There are 2 protein chains.
Amino acid sequence: MTLDALDRELLKTIADLHDIPSGAVNIRKDGQGIERKSTKNITIEPKQDKSGINIYVAPNTRNEAVHFPVLLTLSGITDVVYNTIEIGENSDVILIAGCGIHNPGSKKSQHDGIHEIRVKKGAKMKYIEKHFGGGEGKGERVLNPKTVLVLEENSIAEMELTQLKGVDSTVRVTDAIVKKGGKLVITERLLTHGDQEAISKINIILEGEGASAEVISRSVAKENSKQIFKPEIIARAKSRGHVVCDSIIMENGKISSSPAISAEHPDAELTHEAAIGKIAQDQLLKLMTLGLSEDEAVDVILRGFLK
Amino acid sequence: MTLDALDRELLKTIADLHDIPSGAVNIRKDGQGIERKSTKNITIEPKQDKSGINIYVAPNTRNEAVHFPVLLTLSGITDVVYNTIEIGENSDVILIAGCGIHNPGSKKSQHDGIHEIRVKKGAKMKYIEKHFGGGEGKGERVLNPKTVLVLEENSIAEMELTQLKGVDSTVRVTDAIVKKGGKLVITERLLTHGDQEAISKINIILEGEGASAEVISRSVAKENSKQIFKPEIIARAKSRGHVVCDSIIMENGKISSSPAISAEHPDAELTHEAAIGKIAQDQLLKLMTLGLSEDEAVDVILRGFLK
């Protein structure tokens, strides 16, 4: 299988890939698997009953990565995919997902990715997901990721979720259950512009003793875009949770942030903080006295904020 | 009119009153007004169409107070009251509301107080409301206050809302609109014990330029009690809002806190923070090394926290 120039461009944007990577890989394009490769420790197989794949990472697999990006290059396509991922005990792996939409026409192109991920005892997973929309058409680019995560005892999951450009509408849902000693860190970076809308809902249940979760959300709403954040942590055991939402609004951007924390155990420790405001004027002025134009200064600040 | 010993006890608890106070006053007992007194600047009159009173504070009234406590001393009573309060321009007054229920029997006693308050241009109002439940009966004590507040230009309202004991169920709703240059500060103190349940919803809309709002909520959930907090600030103008919710849980107490901030204007600045946890162990140990028993130490910490 060869990738065309557009595929390569999208893959570079969403997965930092310049070609088909070594290691386990599954590339889905316009509703079809166009490349699939398992390795000794990582098996990727198509689902029999519905669209999507199963990824099995064998126990004790270390320092390996799985790439499974999704590309949409047609206008008027709705692609729904169900992926089931199991990270074997004591493994330490990186998953690179992500979806790039290049919409060349006037119809809506939509990808709904439903992921079920189980990180087994003592395993560590880093999950990187970038979302991007492009293409010269006026058709909407819609991305609705749903991730259901179970962290077994003493497992660790770090999730980096990023959407920086071109996605007209997104409803992002992440549900997680963290068992005894498990640790979940979710970092979300979101930028919306134009008339885009983004909704992010995160629900984390700290179920076992010593479980912990941290949600760090940074977002920028430019022009007429709107964002809604609803992260929630529920503690049902002696556990710790922390939610931070920092947002910058520009022009007519609107952001609503309502993190919820619920303590259902006397030894739970939960905190959250949130702030919404415009770019700090002193920071802007400082950069401009260094010779940057206002636009350049804004760009530098936003890049730093969303890094 | 004379007050009996029980009335006096309730009045002392909810309004720091030892007798009928000087100044404007309205005392409501078991669904009836038992004492009403207007002053030159403050007029209190009964509503014609429904249960409740109108309180008019004349413009430029300064350093005056209005007491309008409610007492329930019967079991099986449901008292619904509608009060309309208008604070005249450039006034500076204190309102002392509050409700005490002494339930001697096995039936539910309930007070629903619906207040509409308008603080006119340049006026300042301090509003103090204490809620208390007592009595030897097993009947429920229920208090559902609803306050709808409009702060006109450059007015200031400080609200101190306290419920420290004996209220089995409460749904507290506070809705406010803050116009240009207005300032609202709401301080809520809540302690629940036994099987009590408390829900507090605050919705503040910052409508005018330079408006500001601060919500400071401190709460303790002991034993099997449950609390839900939903404070929200919506900024529709260049304005500032801040929400802080600090909660202590003990035994099987459960608290859910979900402050929401929504910026609908590019010059809005909104922040919130919340924390739920148990009493700091080091603080407890320190007090115990000073000779206090554990119970005494807990009591000292909670009193400080809820002060």
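It should be emphasised that the depicted structure is a prediction, and the values quoted were computed from it without experimental measurement.

1. Some points on the packing of helix α2 (residues 281–289) of chain B against helix α3 (residues 294–306) of chain B
Any two packed helices are characterised by how steeply their axes cross, that is the angle between the axes, and by the distance between the axes.
Residues and elements named next belong to chain B.
Reasoning step 1: Taken N-terminus to C-terminus, the directions of α2 and α3 make an angle of 120°; their axes are 9 Å apart at the nearest point. In terms of orientation, α2 and α3 fall into the oblique class. Handedness of the crossing formed by α2 with α3: right-handed. Between α2 and α3, the residues in contact are Q283, L284, L287 and M288 and E294, A297, V298, V300 and I301, respectively.
Reasoning step 2: Of the residues that constitute the contact of α2 with α3, the class distribution is seven nonpolar, one polar and one charged.

2. Considering the layout of surface pockets
Reasoning step 1: Space inside the largest pocket adds up to approximately 720 Å³.
Reasoning step 2: In terms of lining residues, the largest pocket is bounded by 23 residues, among which T162, L164, K165, L191 and L306 of chain A are the most central.
Reasoning step 3: Breaking the lining of the largest pocket down by element, the ones donating at least two residues are α1 (5–15), β11 (124–134), β13 (156–165), β15 (183–192) and α3 (294–306) of chain A.
Reasoning step 4: For the lining of the largest pocket, the residue count by class is seven nonpolar, five polar and eleven charged.
Reasoning step 5: The computed volume of the second largest pocket comes to approximately 570 Å³.
Reasoning step 6: Lining the second largest pocket are 19 residues, with L164, K165, L191, R303 and L306 of chain B sitting closest to its centre.
Reasoning step 7: Within the residue set of the lining of the second largest pocket, elements represented by two or more residues are β11 (124–134), β13 (156–165) and α3 of chain B.
Reasoning step 8: No other element matches the six residues that α3 of chain B contributes to the lining of the second largest pocket.
Reasoning step 9: For the lining of the second largest pocket, the residue count by class is six nonpolar, four polar and nine charged.

3. Some thoughts on the interface of chain A and chain B
Reasoning step 1: Residue-level contacts link 28 residues of chain A with 28 residues of chain B.
Reasoning step 2: Note on chain A versus chain B: buried area summed over both sides is about 2,100 Å², and carbon and sulfur give 51% of it.
Reasoning step 3: Interface area lost by chain A to chain B is led by P266, H272 and I276 of chain A, which between them contribute 23%.
Reasoning step 4: Our count for the contact surface shared by chain A and chain B stands at two salt bridges.
Reasoning step 5: Linking D267 of chain B and K278 of chain A is a salt bridge whose minimum nitrogen-to-oxygen distance equals 2.6 Å.
Reasoning step 6: Put simply, chain A and chain B have twelve residue pairs in polar contact (both at pLDDT 80 or more) between them.
Reasoning step 7: When the residues that make up the side of chain A that touches chain B are grouped by side-chain class, the tally is twelve nonpolar, nine polar and seven charged.

4. Structural notes on the nonpolar core
Reasoning step 1: Grouped together as the largest cluster of nonpolar side chains are 98 residues, with contacts concentrated most on L184 and I204 of chain A together with L184 and I204 of chain B.
Reasoning step 2: With residues up to four places along the chain from it excluded, the contact list for I204 of chain B reads A176, V178, L184, I186, A213, V215, E232, I233 and I234 of chain B.

5. Here's the deal with the packing of aromatic side chains
Reasoning step 1: Tallying each qualifying case throughout the model produces zero aromatic pairs over all chains.
Reasoning step 2: A cation over an aromatic ring shows up here: K50 of chain B above the ring of Y82 of chain B, its NZ or CZ 4.3 Å from the ring centre.

6. Examining a negative patch on the surface
Reasoning step 1: Together, E140, D195, E197, E223 and E251 of chain A make up a region of like negative charge exposed at the surface.
Reasoning step 2: Locating D195 of chain A in the fold gives a position in the loop between β15 and β16 (197–206).

7. Re the relation of the copies chain A and chain B
Reasoning step 1: Once turned by 180° and shifted 0.0 Å along the axis, chain A lies on chain B with an RMSD of 0.0 Å. One copy is carried onto the other by what is essentially a two-fold rotation axis. Among all residues of chain A, the one whose C-alpha sits closest to the rotation axis is E273 of chain A, at a distance of 2.0 Å.
Reasoning step 2: Residue by residue, 100% of the interface of chain A is reproduced at the interface of chain B, so both copies engage with the same surface.

8. Looking at α3 of chain A
All names here are of chain A.
Reasoning step 1: The end-to-end C-alpha distance of α3, which contains 13 residues, comes to 18 Å, matching closely the 18 Å that a straight helix rising 1.5 Å per residue would cover.
Reasoning step 2: Within the sequence span of α3, burial applies to A297, V298, I301, L302, F305 and L306. Here the buried residues of α3 occupy an arc of 150° about the axis, which is enough to place them on one side.
Reasoning step 3: Buried residues along α3 sit against β13, β15, β17 (212–221), β19 (240–249) and α2 (281–289).

9. Focus on the pattern of salt bridges
Reasoning step 1: For the coordinates displayed, the defined rule picks out 28 salt bridges over all chains.
Reasoning step 2: When the shortest N-O distance is used, the salt bridge between E160 of chain B and K126 of chain B registers 3.3 Å. Here E160 of chain B is found in strand β13, whereas its partner K126 of chain B is found in strand β11, with 34 residues between them in sequence.
Reasoning step 3: A relative accessible area of 28% means that K126 of chain B is categorised as partly exposed.
Reasoning step 4: E264 of chain B is the partner of R236 of chain B in a salt bridge, and the nearest nitrogen-oxygen pair spans 3.1 Å. In this pair, R236 of chain B sits in the loop between β18 (226–235) and β19 (240–249) while E264 of chain B sits in the loop between β21 (260–263) and β22 (269–277), placing the two residues 28 residues apart along the sequence.
Reasoning step 5: Its relative accessible area of 31% is what places E264 of chain B among the partly exposed residues.
Reasoning step 6: What you see here is one network of salt bridges that share partners, running through D4, D7 and K29 of chain A.

10. Points about a positive patch on the surface
Reasoning step 1: On the surface, K201 and K230 of chain A together with K201 and K230 of chain B cluster together into a patch of positive charge.
Reasoning step 2: What makes K201 of chain A partly exposed here is its relative accessible area of 40%.

11. A closer look at unusual backbone geometry
All names here are of chain B.
Reasoning step 1: Phi is positive for D30, which is not a glycine, with a value near 50°.
Reasoning step 2: Inspection of the secondary structure assignment puts D30 in the loop between β1 (24–29) and β2 (32–37).
Reasoning step 3: One non-glycine residue with positive phi stands out, namely E223, at about 50°.
Reasoning step 4: Within the secondary structure, E223 is located in the loop between β17 (212–221) and β18.
Reasoning step 5: Assessed through its relative accessible area of 36%, E223 is described here as partly exposed.

12. Brief notes about the UniProt feature "domain: SUF system FeS cluster assembly SufBD core" (unreviewed entry) in chain A
Reasoning step 1: Listed under "domain: SUF system FeS cluster assembly SufBD core" (unreviewed entry) in the UniProt record, and renumbered for this structure, are residues 83–305 of chain A.
Reasoning step 2: Secondary structure content for residues 83–305 of chain A is 9% helix and 60% strand, and the end C-alpha separation is 32 Å.

13. Let's talk about the environment of D168 of chain B
Residues and elements named next belong to chain B.
Reasoning step 1: Here D168 is to be found in the loop between β13 and β14 (169–178).
Reasoning step 2: Residue classification places D168 among the partly exposed residues on the basis of a relative accessible area of 23%.
Reasoning step 3: Sequence separation between D168 and S262 is 94 residues; the distance between their C-alpha atoms is 32 Å.
Reasoning step 4: Aside from chain neighbours lying at most four places away, what touches D168 is G139, E140, R141, Q196 and E197.
Reasoning step 5: In this structure the side chain of D168 is engaged in a polar contact, spanning 2.7 Å, whose partner is the backbone nitrogen of R141.

Cut-offs and rules
- Residues numbered from 1 in each chain as written.
- Chains lettered and ligands numbered in written order.
- Predicted model: local features only at pLDDT ≥ 70, side-chain atom pairs only at ≥ 80, totals over all residues.
- Heavy atoms only, no water.
- Axes fitted to C-alpha atoms, helices over the stretch in contact; angles between N-to-C directions.
- Helix = DSSP H or I, 4+ residues; strand = E, 2+ residues; numbered from the N terminus.
- Parallel < 35°, antiparallel > 145°, perpendicular 65-115°, else oblique.
- Left-handed = near helix turned anticlockwise from the far one by under 90°.
- Contact = heavy atoms within 4.5 Å.
- Nonpolar A, V, L, I, M, F, W, Y, C, P; charged D, E, K, R; others polar.
- 1 Å grid on protein atoms, 1.4 Å probe; cavity = no way out; pocket = protein on both sides within 12 Å on 5 of 7 lines; lining within 4 Å.
- Points joined across faces, edges and corners; volume = space filled by probe spheres on them.
- Buried area = accessible area lost by both parts, 1.4 Å probe.
- Salt bridge = Lys/Arg side-chain N within 4 Å of Asp/Glu carboxyl O.
- Polar contact = N/O pair within 3.5 Å; in protein donor to acceptor, adjacent residues only side chain to side chain.
- Core = buried A, V, L, I, M, F, W, Y, C linked by side-chain atoms within 4.5 Å.
- Buried < 20%, exposed > 50% of the residue type's maximum accessible area, 1.4 Å probe, protein only.
- Phe/Tyr/Trp six-rings, centres within 6.5 Å; stacked < 30°, edge-to-face > 60°.
- Lys NZ or Arg CZ within 6 Å of the ring centre and 35° of its normal.
- Patch = residues over 30% accessible without salt bridge, like charges linked within 9 Å, V, L, I, M, F, W, Y side chains within 5 Å.
- Areas by Shrake-Rupley, 256 points an atom, 1.4 Å probe, with all protein chains shown as cover.
- Lys, Arg positive; Asp, Glu negative; His and termini not counted.
- Charge placed at Lys NZ, Arg CZ, Asp CG, Glu CD.
- Least-squares fit on C-alpha atoms with pLDDT ≥ 70 in both.
- Expected span 1.5 Å × (residues − 1).
- Arc of directions from axis to C-beta.
- UniProt positions renumbered as here; feature names shortened; annotations may be inferred.

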